[in-house]
Amino acid sequence: MKVTVNQDACEGHAKCQAAAPEVFEVRDDLSTVLRDPVPESLRPQVERAVRLCPRQAITISEG
Amino acid sequence: MTQLSPVDIDLSDDSIFERGEAHAAFATLRREAPVHWNPGGERMKGWWDITRFEDVLFVSRHPEIFSSERGITMFEPRDPNEVNPAGAGNGIMLITMDPPKHVKLRRLVNKGFTPRAVNAMEGHIRQITNQVLDDIAKKGSCDFVLDVACQLPLAVICGMMGLQKKDWPLMFELTNKVLGSGDPEYQTDVPEDQRGTPDAARITGQMGVMQMFGFMSQQLEDRKANRRDDLISLLVDSEFEGDKLSDTDILWFCFLLILAGNETTRNGISGGLLALCEHPEERARLQADMSLLPSAVEEMLRWASPVTHMARVALEDTEIRGQKIAKGERVVMWYPSVNRDDAAFQEPNRFDITRSPNDHLAFGIGEHFCLGAGFARLELRVMFEELFRRFPDIRLDGPPERLRSSFIGGIKHLPVAFTPER
Ligand code: HEM
Ligand code: SF4
């Protein structure tokens, strides 16, 4: 799966990094996705990040 | 606990909150009528009470369906010409704007509120906290709300905006008038024998808004003439994609910050101390290991839920939990309720300072997620670190006096006693 962070919405609250440290890294108040594609095995953690992100900045797309 | 039928529950009766009985009403609504229609009254339009966690998540995450522009409190007069102090600034304040306008303004103002900006303030916040505590140190007892809890957030937000210390008490007074307009204690513009009525609330709110606006206009004029090292000066000069902020944008943003930044955090601090005092085992656990504080702060926020509700208006016909919501109808999200929803929290009625996970919605979520959440969390953490370091035996010395409000989960007075410093 492909995971993206909308840089216009993200404010660096780092909930994503707490939920899926293998996938997200927050630096200078902005989250970056560390892997492309993100392995399926990490889907539960990423879905938790999507749910918890206070700014709705994370999206999962297939492919 | 008294058993109420959902049809009898009217959450616009703000004495329910003053008496501390709201949780019983919320429990009934969650169980029996999670999407509950309140028909409103002669003057007020009706609204839907939303009390379950998943549903508040859904509403908050769909600003394209659920709009903030017609106001974020439950009150909307049936007569569009009626003055509604609760609707002041609708559509022109950050908190009452919809995307794409909201996205743009938020990007312009959020730089001062990011985690990095907040962390840089820790030393300053600790210094203010200790100054506040110095003032009570020798007394041995005080009103925790007036002498401690309200002082820190007020100093932080007023300091950020560059307001002079002599004006801080006025900001406190006007915040109380606007956000606590329904409470007779703050209805000082109304003759004593007329306090406690809906008209008294309207007048109080209106006076508060007017005075605050007048004050902020003066501040803005001053900064336009002389820039200083403060947020108002920064806003005067800020630019985003070639656009400058208009005077109106700046004034309403300052108005919002004063209100949002001080009353809520005040109640987080007072509500947090009250919760700790009412749960002595949890408190002892915390004081034995202060590294638990960040997680304890989250539990205090869940428990106290300092903001009681935020509202939206449906922009199209839609559905929540199978219930049809018509275009134009108002939905009210009840945060204290969702933060004790057993579908989202295990043993929600247990105060547990190491609760994990603790995904409470005290700061809302999504498009309008609290801009000041980082500041509020830091202020709570530093306050309890310093408070328990200096006054480890601080204890209740009388019952709390709650605010009469369905919007802010407020405590007006909290008598405490402690061993004074020598
Ligand atoms: C414990 C303290 C606080 C609580 C519980 C709280 C709660 C909230 C909630 C629930 C919202 C969401 C509104 C919505 O979804 O319609 C919000 C928004 C907001 N809060 Fe806070 N807040 C707190 C402290 C602060 C502080 C300290 C500041 C400023 C320094 C602040 C500034 C704001 C602003 C500007 C918004 C509007 C954001 C937007 O519309 O994009 N808040 N707050
Ligand atoms: S949780 Fe959301 S807002 Fe926070 S850093 Fe991650 S993507 Fe950004």
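Read on for an overview of the structure.

Parameters and conventions
Residues numbered from 1 in each chain as written. Chains lettered and ligands numbered in written order. Predicted model: local features only at pLDDT ≥ 70, side-chain atom pairs only at ≥ 80, totals over all residues. Heavy atoms only, no water. Helix = DSSP H or I, 4+ residues; strand = E, 2+ residues; numbered from the N terminus. Rg over C-alpha atoms; globule rule 2.2 N^0.38 Å. Buried < 20%, exposed > 50% of the residue type's maximum accessible area, 1.4 Å probe, protein only. Areas by Shrake-Rupley, 256 points an atom, 1.4 Å probe, with all protein chains shown as cover. Axes fitted to C-alpha atoms, helices over the stretch in contact; angles between N-to-C directions. Parallel < 35°, antiparallel > 145°, perpendicular 65-115°, else oblique. Left-handed = near helix turned anticlockwise from the far one by under 90°. Contact = heavy atoms within 4.5 Å. Nonpolar A, V, L, I, M, F, W, Y, C, P; charged D, E, K, R; others polar. Salt bridge = Lys/Arg side-chain N within 4 Å of Asp/Glu carboxyl O. Pairing = 2+ DSSP bridges. Core = buried A, V, L, I, M, F, W, Y, C linked by side-chain atoms within 4.5 Å.

1. Comments concerning the overall build of chain B
Okay, so step 1: Of regular secondary structure, chain B possesses 16 helices and 14 strands.
Okay, so step 2: What you see for chain B is a C-alpha radius of gyration of 21 Å, in line with the 22 Å of a compact globule of 422 residues.
Okay, so step 3: Residues classed as buried in chain B amount to 57% of the 422 residues present.
Okay, so step 4: Total accessible area computed for chain B in this model is approximately 17,600 Å², and 52% of it derives from carbon and sulfur atoms.

2. Quick word on the packing of helix 8 (residues 151-161) of chain B against helix 16 (residues 373-390) of chain B
Relative orientation and spacing of two packed helices are given, respectively, by the angle between their axes and the distance between those axes.
Residues and elements named next belong to chain B.
Okay, so step 1: The interhelical angle for the contact between helix 8 and helix 16, taken along N-to-C directions, is 135°, at an axis separation of 11 Å. As far as their axial angle goes, helix 16 and helix 8 are oblique. The way helix 8 lies across helix 16 gives a crossing that is right-handed. Along the contact surface, helix 8 presents Leu152, Pro153, Val156 and Met160, while helix 16 presents Phe375, Glu379 and Met383.
Okay, so step 2: Residue composition of the contact of helix 8 with helix 16, by class: six nonpolar, no polar and one charged.

3. Some thoughts on the packing of helix 14 (residues 293-304) of chain B against helix 16 of chain B
Residues and elements named next belong to chain B.
Okay, so step 1: Their axes nearest at 10 Å, the elements helix 14 and helix 16 cross at an angle of 115°. Regarding helix 14 and helix 16, the two cross each other, and that crossing is right-handed. Every residue of helix 16 that contacts helix 14 at Leu293, Pro294, Val297, Glu298, Met300 and Leu301 is listed here: Arg377, Leu380, Arg381, Phe384 and Glu385.
Okay, so step 2: Along the lines of polarity and charge, the residues of the contact of helix 14 with helix 16 split into seven nonpolar, no polar and four charged.

4. With respect to the environment of asparagine 119 of chain B
Okay, so step 1: Within the secondary structure layout, asparagine 119 of chain B lies in helix 5 (residues 115-119).
Okay, so step 2: By relative accessible area, asparagine 119 of chain B is classed as exposed at 52%.

5. Observations regarding the pattern of salt bridges
Okay, so step 1: Within this structure, the stated rule accounts for 52 salt bridges over all chains.
Okay, so step 2: As a salt-bridge pair, glutamate 62 of chain A and arginine 43 of chain A come within 3.0 Å of each other at their nearest N and O atoms. Here glutamate 62 of chain A is found in the segment after strand 4 (58-61), whereas its partner arginine 43 of chain A is found in helix 2 (residues 43-52), with 19 residues between them in sequence.
Okay, so step 3: Residue glutamate 62 of chain A is classed as exposed on the basis of its relative accessible area, which comes to 55%.
Okay, so step 4: A single salt-bridge network, built from bridges that share partners, covers Glu122, Arg126, Arg381, Glu385, Glu386 and Arg389 of chain B.

6. Some remarks on the sheet that holds strand 2 (residues 47-50) of chain B
Hydrogen bonds along the backbone pair up the strands of a sheet, which may run parallel or antiparallel.
Residues and elements named next belong to chain B.
Okay, so step 1: Taken in spatial order, the five strands line up as 1-2-10-7-3 in an open sheet, and their pairing is mixed. Edge positions in the sheet fall to strand 1 (35-38) and strand 3 (66-67), since each of these pairs with one other strand and no more.
Okay, so step 2: Bridge count for strand 7 (residues 309-314) against strand 10 (residues 330-334) is five bridges, and the pairing is antiparallel. Within strand 10, the position partnered with histidine 309 by the bridge is tryptophan 334.
Okay, so step 3: Packed onto the sheet, helix 3 (residues 53-60) meets strand 1, strand 2, strand 3, strand 7 and strand 10 and runs at close to 125° relative to strand 10.

7. Quick notes on the side chain of threonine 129 of chain B
All names here are of chain B.
Okay, so step 1: Summarising the element assignment, threonine 129 is placed in helix 6 (residues 122-136).
Okay, so step 2: According to the relative accessible area criterion, threonine 129 is buried, its value standing at 0%.
Okay, so step 3: Ignoring any residue separated from it by four or fewer positions in sequence, one finds threonine 129 in contact with Leu152, Val382, Met383 and Glu386.

8. A look at the nonpolar core
Okay, so step 1: Phe144, Met161, Leu163, Met171, Leu273 and Leu387 of chain B are the most contacted members of the largest nonpolar core, which has 118 residues in total.
Okay, so step 2: Other than its neighbours up to four places away in sequence, phenylalanine 144 of chain B contacts Ala149, Ile269, Ser270, Leu273, Leu387, Ile394, Leu414 and Val416 of chain B.
Okay, so step 3: Judged by nonpolar contacts, the second largest core, of 18 residues, contains Met1, Val3, Val23 and Ile58 of chain A.

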